Amino acid sequence: MLRSIAVAFLLAGPAIAQTTIQQDFDAGQAALDAKDIAGARQKFEALLKRMPEGSRSRSMGVVKSRLGVALVRDGEQEAAIPLLTDAIAIFDKGTPEDLSERADALYARAQAHEELGQFVEAADDFRAVRALWKPEAGSASDIALKSALARVSIWTDPAESRRLLDELIAMPPETWGKNKITLALLHDLRGRVELNDGKPEEALEHFRKAMRLAGGGQTTRIDLNDVRVRADAAIAAYVLGNSVAHQQYVAYSGGGSLVTVGLASARSLDLPRCGAETGLAPDDVAVVEFGIHPDGRVRSAQPIYVKRADGRRPDGRGGPETLFVQAARNWFWNPKDLEKVDSFWRQALRVEVRCSNARPENDLVWDSIMEGFHTGIAGLGLPPLPPPPDDQDAAVAVHKAELERRIAQNGATSLETLPPLTALATNGKASVEDRAKWFEQAAEVLEASGRDPQLAAISRFRAISLGEYGSKSSRAALGRLVAAEEAARPNARTTQFLRLEQAGLLHEARQPQAAETLLRAIVATPQEALGRVDPIRTTALLRLSNIAAARKDLETAAAALAATGLSPEQCALVDVRPRRENSQVSSGIFPPEAHRWGSGGMTRVEYDIGTDGKPRNARTVMAAPPFVFGKATEKGAMQLRYEPVFRPGNTQGCVGESQNFRFSAR
């Protein structure tokens, strides 16, 4: 909707400087018009730095507005909103030029609010744009603005959304010409209004009209519009309890096996927590659609369907429709992994989501190791890094440049390379291979320095723990590191930590005797080297207790548990996950309709584990395609079995375990 206009800058200074600034602006505008978003962003960011600080000139407003537009299109909505807000405040003169610029900035800010799930604010901005532009009824601008306002009003004011969409749908047939796609999409939005207002029958009627207008709902030749309409119809059919129609629409939307590949390769799919902090209940459910940019980031996300457990409809004020969208925006992929996913399907993946009750990842042992590591690095007195950019992808480039600068200045084994090396190695947006390489380089630098050798050991462990931790090769690598540390520093706390990690891998590999030997070595460490209540010692004792209980040696199990000084209830505070004894579930859980249509899928289920090793309270928290494999996953989770844990008088062994499942019809 942004309308390009020529802008002349009236800045004091030599004529050549004026020309240069104008040329920079023209180049940025040309890049924006050509959809070279990265180029436009770079040029406007550079131009903004050249503007007088604190200026409220019209030129400043234009630059901030254009940069804000570029940031919105680049998926950086949070950074765009303050710039656009400043620009809107500057364009307050009431001249035609100011009104035009103000409307453009408001429209971009409305888009940013919508992408962030801030639907009340988005609706306010879209209304403000309509008031400024006053588009002619039935014009392209009128249709676009009414559609945008109706789309966000699904979550804030369904009555207004209905009214706007009905006005558009009732326009004369010649408005749409031969191409009925726009009309189809209006019916699709109209169906979403009813779907989220508890009227699935009315919703399905609109979705069927949309499919007919878009070319039919049961063909294998589809575009993105077809995919979305069919996927919407699938949700309505599910809500109505029509499993046959539901699965048929899923199959024709391509929402099965093709999409699963994309989800399965994700590096992060974190969900918001259940509870008072978020206001989310375990049974609140949403379907979110999102697109993945080639750089691995989620650049766009929107709610499609929301149902609260308490029956309240969405209101656009921070409920599931907002929180799940914001969660999706933080998901990311390794760009190399995305090469396996067809670019068409990356544009509109859909997933059923609920809040998470999984145990927080706070690990007393690991936290204490990391505290010691960071304290040791800080004690080296090294020059700090320059402030990193907020964007993690950009931070990788910045820290690489800083590493190269320090190597050129001080040498590859200089301690001064440690800050950029550790920053790079801990950046989750970098590839696993690169991160492991940087941790190894850090270890080599620390060893060459002759400083605290335990810091080098932790760096090497962190390199090993990346990737397929638990594989045969990682067990072998960790075994070599443990042997080296045992020979050099048998009583060091770092050595006990490495023994504990190796014991865990051996136990997972069904080598309990080898694991027990390592755990007993930890427990035998003198208390002056490893405190009596050190979490490493406590965890080792708990694992010894579980191993003894598994072989029915309850006396030894009780003695190890007593040595921790913890009650059975307090043992839950220490992270000792039960070992899974089986990882296979019956193929009979595959839903018949999904199998008949050849659909595949991916799910994540959360559950608790009793002291008897049996799962309970299974609950689907993520599923794609939506509402196909959730119940089957919960049945499958109940077939898993874990090694029983020794907690006399307590039936709860582990709370908030999670497991991913993949379904393939082949």
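Residues numbered from 1 in each chain as written. Predicted model: local features only at pLDDT ≥ 70, side-chain atom pairs only at ≥ 80, totals over all residues. Heavy atoms only, no water.

## What to know about the pattern of salt bridges
Within this structure, the stated rule accounts for 47 salt bridges. One salt bridge in this structure joins R329 and E78, with 3.5 Å as the shortest N-O distance. Taken together, the positions of R329 in the loop between α14 (320-328) and β4 (332-333) and E78 in helix α4 (residues 77-90) put the pair 251 residues apart, joining distant regions of the chain. For R329, a relative accessible area of 11% puts it in the buried group. The exposure class assigned to E78 is partly exposed, which follows from its relative accessible area of 48%. Between K437 and D434 there is a salt bridge, with its nearest N and O atoms 3.8 Å apart. A residue pair is termed a helical-turn pair when its members lie 3 or 4 positions apart in one helix, as K437 and D434 do in helix α20 (residues 432-449) at three residues. What makes K437 partly exposed here is its relative accessible area of 41%. What you see here is one network of salt bridges that share partners, running through R41, E45, D74, E76, D295, R297 and R299. (Salt bridge = Lys/Arg side-chain N within 4 Å of Asp/Glu carboxyl O. Helix = DSSP H or I, 4+ residues; strand = E, 2+ residues; numbered from the N terminus. Buried < 20%, exposed > 50% of the residue type's maximum accessible area, 1.4 Å probe, protein only.)

## Quick notes on helix α11 (residues 224-239)
If you check α11, its first and last C-alpha atoms are 23 Å apart, about what 16 residues at 1.5 Å a residue would give, namely 22 Å. Of all 16 residues making up α11, 12 are buried, and the element is well covered by its neighbours. Every buried residue of α11 is accounted for by L224, D226, V227, V229, R230, A231, D232, A233, A234, I235, A236 and A237. (Expected span 1.5 Å × (residues − 1).)

## Section: the packing of aromatic side chains
Per the counting criterion, the structure on display carries 17 aromatic pairs. When the centroid spacing of 5.7 Å and the interplanar angle of 80° are considered together, the rings of F590 and F663 count as edge-to-face. With F590 in the loop between β6 (580-582) and α27 (592-596) and F663 in strand β10 (residues 652-663), this pair connects stretches of sequence that are 73 residues apart. Judged by its relative accessible area of 15%, F590 falls in the buried class. Aromatic pair Y607 and Y642: ring centres 6.3 Å apart, planes at 50°, arrangement tilted. (Phe/Tyr/Trp six-rings, centres within 6.5 Å; stacked < 30°, edge-to-face > 60°.)

## Comments concerning the side chain of T417
Note that T417 resides in the loop between α18 (392-410) and α19 (418-425). If sequence neighbours within four positions are ignored, T417 has contacts with L403, R406, I407, G411, A412 and V445. (Contact = heavy atoms within 4.5 Å.)

## Considering the packing of helix α21 (residues 453-465) against helix α23 (residues 493-508)
As a packed pair, α21 and α23 sit with axes 9 Å apart at the nearest point and diverge in direction by 20°. One finds that α21 runs roughly parallel with respect to α23. Where α21 crosses over α23, the handedness of that crossing is left-handed. Contact residues: α21 offers Q454, A457, I458 and F461, while α23 offers R493, T494, F497, L498 and E501. Tallied by class, residues from the contact of α21 with α23 come to five nonpolar, two polar and two charged. (Axes fitted to C-alpha atoms, helices over the stretch in contact; angles between N-to-C directions. Parallel < 35°, antiparallel > 145°, perpendicular 65-115°, else oblique. Left-handed = near helix turned anticlockwise from the far one by under 90°. Nonpolar A, V, L, I, M, F, W, Y, C, P; charged D, E, K, R; others polar.)

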